[in-house]
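Residues per chain are reported as follows:
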Amino acid sequence: MGAAEGFFERIDTGRFLATASTRGPWDERSQHAGPPAALLGRAVEERDGARQDMRIARITYEILRPVPIGELEVTTSVVRAGRGTEVVEAVLAPAGGAPVMLARALRIRVAREALPAVAPGPQLPPPGEVAQTPFELPWERGYHTAMETRFAAGAFLEPGPGTCWMRMRVPLIAGEEIRPLDRVLVAADSGNGISAVLDFAGYVFVNGDLTVHLHRHPVGEWVCVEAGTSVDAAGIGLADARLHDEKGPIGRSAQSLFVAPR
């Protein structure tokens with residue numbers, strides 16, 4: 001993968017072409033939800049008229065159907081605008097097609113003067129002290145090759161909770177700067193894979209949504225997802241994760257899971 005290559009190529013304003021780096025683990029024709037989630041997050045922050053004194057504190061995604069690898073269109077609209085908060089909606093759809101992913105973001109105004117910062121939570125082993133742990137899939141290129149992964153606890157094919165440092169090997173959009181929000185949203189959708197409690201070869205555990213809460217955007221190249229999964233006998237699961245950078249906790253993410261035999 002070349003240095004200028006990314007998860008997406010920008011065609012023009014609001015139109016993008018997904019590359020093979022977005023390919024997910026379930027179907028070679030569909031994307032991992034992390035890259036399109038980050039694309040919608042960036043659209044919320046970059047839309048015309050976006051206030052520069054606000055940042056995303058919570059963003060919730062509804063994954064309506066698998067996101068295809070191909071040309072995509074992104075649109076945004078303001079649901080509610082206020083002095084201290086606003087709610088913005090973003091929609092992702094194949095060119096000329098029905099929406100495949102929706103996002104609704106709460107943006108909060110950043111304080112004009114510094115306030116006391118309190119961020120309880122454990123400090124994790126830094127990524128430099130953890131060995132790289134690649135995840136093998138039948139296809140040569142995809143999300144699994146576009147992300148560097150280092151497990152501080154657990155492993156992809158080891159059932160149970162996992163703690164994994166993640167770093168983007170390619171930018172979100174080819175030729176454009178990687179932003180802090182890109183880094184966390186690309187990684188946050190991996191909680192169910194990091195903390196799988198069922199055999200990947202025998203079961204699917206696909207999320208139909210994703211919610212990310214951020215009290216702080218990440219600093220540096222690495223984001224850590226510290227995740228655990230619970231599954232009920234009815235085939236409904238929850239992957240819940242604490243998100244970190246190298247300075248400490250930055251927020252949480254949660255995914256509702258559809259669980260079924262393959």
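Structure shown above.
Quantities reported herein were computed from a predicted structural model and do not represent experimental measurements.

Peer 1: Please explain the state of the cysteines as it appears in this structure.
Peer 2: Each disulfide is one covalent bond, formed between the sulfur atoms of two cysteines. A complete count under the given rule lists 0 disulfides for this structure. Free cysteine Cys164: the closest other cysteine sulfur is in Cys224, separated by 6.9 Å. By relative accessible area, which is 0% here, Cys224 ends up buried.

Peer 1: How should helix H1 (residues 34–46) be read in this particular structure?
Peer 2: Residue pairs spaced three or four apart in an α-helix point in one direction, given the helix's 3.6 residues per turn. The end-to-end C-alpha distance of H1, which contains 13 residues, comes to 18 Å, matching closely the 18 Å that a straight helix rising 1.5 Å per residue would cover. Judged by how many residues are buried, H1 sits mostly within the fold: 12 of 13 residues are covered. Inspection of H1 places Gly34, Pro35, Pro36, Ala37, Ala38, Leu39, Leu40, Gly41, Arg42, Ala43, Val44 and Glu45 among the buried residues, and these make up the whole buried set.

Peer 1: What should I look at first to understand the pairing of strand S4 (residues 71–81) in this one?
Peer 2: Consecutive side chains of a regular strand alternate in pointing toward one face of the sheet and then the other. With 3 bridges joining them, strand S2 (residues 15–18) and S4 adopt antiparallel strand pairing. Bridge pairing in S4 places Phe16 opposite Leu72. Here 9 bridges tie S4 to strand S5 (residues 85–94), and the two strands are oriented antiparallel to one another. Counted as the bridge partner of Ala81 is Glu86 from S5.

Peer 1: Just to check I follow, could you spell out the environment of Val91 for this structure?
Peer 2: Inspection of the secondary structure assignment puts Val91 in strand S5. The exposure class of Val91 is buried, given its relative accessible area of 18%. Sequence separation of Val91 and Met166 is 75 residues, and the distance between their C-alpha atoms is 26 Å. In contact with Val91, other than residues within four places in its own chain, are Leu40, Glu73, Val74, Thr75, Pro99, Met101 and Leu102.

Peer 1: It is not clear to me how the nonpolar core should be interpreted in this structure. Could you clarify?
Peer 2: Judged by nonpolar contacts, the single largest core of 55 residues is most densely connected at Phe7, Tyr61 and Leu92. Those residues within four positions of Tyr61 in sequence are excluded, and the remaining contacts are Ala37, Ala38, Leu40, Gly41, Met101, Leu102, Ala103, Leu185, Gly208, Asp209 and Leu210. Listed in part, the 5 residues of the second largest apolar core include Ala196, Phe205, Ala239 and Leu257.

Peer 1: Can you walk me through the pairing of S5 in this structure?
Peer 2: In terms of burial, S5 is a largely internal element, 7 of the 10 residues being buried. In this antiparallel pair of consecutive strands, S4 and S5, the connection spans 3 residues. Strand direction decides the pairing type here: S5 and strand S6 (residues 101–109), joined by 8 bridges, are antiparallel. Within S6, the residue paired with Glu89 across the bridge is Arg104. Between S5 and S6, which pair antiparallel in sequence order, lie 6 residues; one of them, Gly96, sits at a positive phi of approximately 75°.

Peer 1: Sorry, what's going on with the side chain of Thr211 here?
Peer 2: Along the chain, Thr211 falls in strand S10 (residues 209–214). Side chain to side chain, Thr211 and Thr60 meet in a polar contact 3.2 Å long. Sequence-distant contacts of Thr211, defined by excluding residues within four places in its chain, comprise Arg58, Ile59, Thr60, Arg252, Ser253 and Ala254.

Peer 1: Looking at this structure, I do not really get the packing of aromatic side chains. What am I missing?
Peer 2: Where two aromatic rings form a pair, the distance of their centres and the angle of their planes describe that pair. Scanning all chains against the criterion turns up 5 aromatic pairs. Ring centres of Trp26 and Phe205 lie 5.2 Å apart, and the angle between their planes is 90°; on these two criteria the pair is classed as edge-to-face. Residue Trp26 is located in the loop between S2 and H1, and its partner Phe205 is located in strand S9 (residues 203–207); the two are separated by 179 residues in the primary sequence. The exposure class assigned to Trp26 is partly exposed, which follows from its relative accessible area of 29%. On the numbers, 4.8 Å between centres and 80° between planes, the contact of Phe151 with Phe156 is edge-to-face. Of the two residues, Phe151 and Phe156, both sit in the buried class. Here the aromatic residues Trp26, Phe200 and Phe205 are joined through ring pairs into a cluster of three or more. In this structure, Arg262 is placed above the aromatic ring of Phe200, and the distance from its NZ or CZ to the ring centre is 4.8 Å.

Peer 1: Can you walk me through the pattern of salt bridges in this structure?
Peer 2: Pairs can form between side chains of opposite charge whenever their charged atoms are close. Taken as a whole and judged by the stated rule, the model has 21 salt bridges. Between Arg42 and Glu176 there is a salt bridge whose closest N-O contact spans 3.0 Å. In this pair, Arg42 sits in helix H1 while Glu176 sits in the loop between strand S8 (158–168) and helix H3 (180–188), placing the two residues 134 residues apart along the sequence. Here Glu86 and Arg47 are joined by a salt bridge, their closest N and O atoms 2.9 Å apart. Of this pair, Glu86 sits in strand S5 while Arg47 sits in the loop between H1 and strand S3 (54–63), and the two are 39 residues apart along the sequence. A residue is classified by how much of its surface remains accessible, and Arg47, at 11% relative accessible area, is buried. One salt-bridge network, in which partners are shared between bridges, spans Arg10, Arg42, Glu46, Glu176, Arg179 and Asp182.

Conventions we followed
Residues numbered from 1 in each chain as written. Predicted model: local features only at pLDDT ≥ 70, side-chain atom pairs only at ≥ 80, totals over all residues. Heavy atoms only, no water. Disulfide = S-S within 2.5 Å. Buried < 20%, exposed > 50% of the residue type's maximum accessible area, 1.4 Å probe, protein only. Helix = DSSP H or I, 4+ residues; strand = E, 2+ residues; numbered from the N terminus. Expected span 1.5 Å × (residues − 1). Pairing = 2+ DSSP bridges. Contact = heavy atoms within 4.5 Å. Core = buried A, V, L, I, M, F, W, Y, C linked by side-chain atoms within 4.5 Å. Polar contact = N/O pair within 3.5 Å; in protein donor to acceptor, adjacent residues only side chain to side chain. Phe/Tyr/Trp six-rings, centres within 6.5 Å; stacked < 30°, edge-to-face > 60°. Lys NZ or Arg CZ within 6 Å of the ring centre and 35° of its normal. Salt bridge = Lys/Arg side-chain N within 4 Å of Asp/Glu carboxyl O.

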